[in-house]
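# Observations on chain architecture
Residues per chain, in single letters:
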Amino acid sequence: MNLQCAVAFLIRPGAYAPSFELQGEVGAAVIRSLGVLFVMWNIPYGVALWNPVRHRLALYEALGMQATGLAGETLIYALLPALHVVARGAILRFVVFDGLGLLALATAAWLSRK
C-alpha cells in the first residue's frame, strides 16, 4: 500500500496536494517528496519480507520506523488546529494506516520469533 501511494504521489502530485492544503508547483514538490520518502521507507520492509527470520534486524527496523511514523503523525494531527479539516483528514488517514501497519509488523515479529 505504501508503494501504491508512493507511485500515485510521484505521478500525480497535483491530485493529492489539495488534501494537504497545498497548491501549485511547491505543493506538487512536497507531495512528490512524500512519494520518495515512502519508497525509501519500504526498503527495510522488503528485506524483512524476503526472509523475516534471517533478516530479523530489518524486521525490527521496520517496526521501529512504523512506530516512529505513527507517533509523529499522531502528534502532527493533534497539534494541527481543527480549522484545517481537509489536512487533518489526510493526516488521520496516515495515522490509521500506520496504526494498522504497526499491528501487522508486530504480528509478523511475533510469528517469526525463534
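Residues numbered from 1 in each chain as written. Predicted model: local features only at pLDDT ≥ 70, side-chain atom pairs only at ≥ 80, totals over all residues. Heavy atoms only, no water.

### Notes on the overall build of the protein
Helices and strands together make up the secondary structure of the protein, namely 5 helices and 0 strands. Based on the C-alpha atoms only, the size of the protein along its principal axes is roughly 50 × 30 × 15 Å. Within the protein, buried positions represent 33% of all 114 residues. Counted over contacts in the protein with a minimum sequence separation of 6, partners at least 24 positions apart contribute 62%. By element, 73% of the accessible surface of the protein is carried by carbon and sulfur atoms, the whole surface being about 7200 Å². Positive and negative side-chain charges in the protein, numbering 8 and 5 respectively, have mean positions lying 12 Å apart. (Helix = DSSP H or I, 4+ residues; strand = E, 2+ residues; numbered from the N terminus. Buried < 20%, exposed > 50% of the residue type's maximum accessible area, 1.4 Å probe, protein only. Contact = heavy atoms within 4.5 Å. Areas by Shrake-Rupley, 256 points an atom, 1.4 Å probe, with all protein chains shown as cover. Lys, Arg positive; Asp, Glu negative; His and termini not counted. Charge placed at Lys NZ, Arg CZ, Asp CG, Glu CD.)

### Some details on the packing of aromatic side chains
Applying the stated criterion across every chain, the model contains 8 aromatic pairs. Taking the centre distance of 6.5 Å and the plane angle of 70° together, the rings of phenylalanine 9 and phenylalanine 94 count as edge-to-face. With phenylalanine 9 in helix H1 (residues 2-11) and phenylalanine 94 in helix H5 (residues 85-111), this pair connects stretches of sequence that are 85 residues apart. Taken together, the aromatic side chains of Phe9, Tyr16, Phe20, Phe38, Trp41, Tyr45 and Phe94 make up a single cluster linked through ring pairs. Seen from the ring of tyrosine 77, arginine 88 lies directly overhead, with NZ or CZ sitting 4.0 Å from the centre. Sitting over the face of the ring of tryptophan 110, arginine 113 holds its NZ or CZ atom 4.1 Å from the ring centroid. (Phe/Tyr/Trp six-rings, centres within 6.5 Å; stacked < 30°, edge-to-face > 60°. Lys NZ or Arg CZ within 6 Å of the ring centre and 35° of its normal.)

### Overview of the environment of proline 81
Along the chain, the position of proline 81 falls in the loop between helix H4 (56-79) and H5. By relative accessible area, which is 39% here, proline 81 ends up partly exposed. In this structure the C-alpha to C-alpha distance between proline 81 and tryptophan 110, which are 29 residues apart in sequence, comes to 38 Å.

### Overview of the side chain of serine 112
Looking at the secondary structure, you find serine 112 in the segment after H5. Judged by relative accessible area, serine 112 falls into the buried class, the value being 8%. Within polar-contact distance, the side chain of serine 112 engages the backbone oxygen of alanine 108 at 2.8 Å. Setting aside residues up to four positions removed in sequence, serine 112 forms contacts with Pro52, Val53, Arg56 and Leu59. (Polar contact = N/O pair within 3.5 Å; in protein donor to acceptor, adjacent residues only side chain to side chain.)

### Structural notes on the nonpolar core
In terms of nonpolar packing, the biggest core is built from 17 residues, with Phe9, Phe20, Phe38 and Leu105 touching the most fellow members. If you list the elements that add at least two residues to this core, you get H1, helix H3 (24-50), H4 and H5. Here this core takes 5 residues from H3, the largest share from any one element. With residues near it in sequence (within four places) discarded, phenylalanine 20 still touches Phe9, Ile31, Ala87, Ala90 and Phe94. (Core = buried A, V, L, I, M, F, W, Y, C linked by side-chain atoms within 4.5 Å.)

### Quick look at the packing of H4 against H5
With their axes 9 Å apart at the nearest point, H4 and H5 run at an angle of 155° to one another. With respect to their mutual orientation, H4 and H5 come out roughly antiparallel. As H4 runs across H5, the sense of the crossing is left-handed. Each residue belonging to the contact of H4 with H5 can be placed in one class, and the counts come to 18 nonpolar, 5 polar and 4 charged. (Axes fitted to C-alpha atoms, helices over the stretch in contact; angles between N-to-C directions. Parallel < 35°, antiparallel > 145°, perpendicular 65-115°, else oblique. Left-handed = near helix turned anticlockwise from the far one by under 90°. Nonpolar A, V, L, I, M, F, W, Y, C, P; charged D, E, K, R; others polar.)

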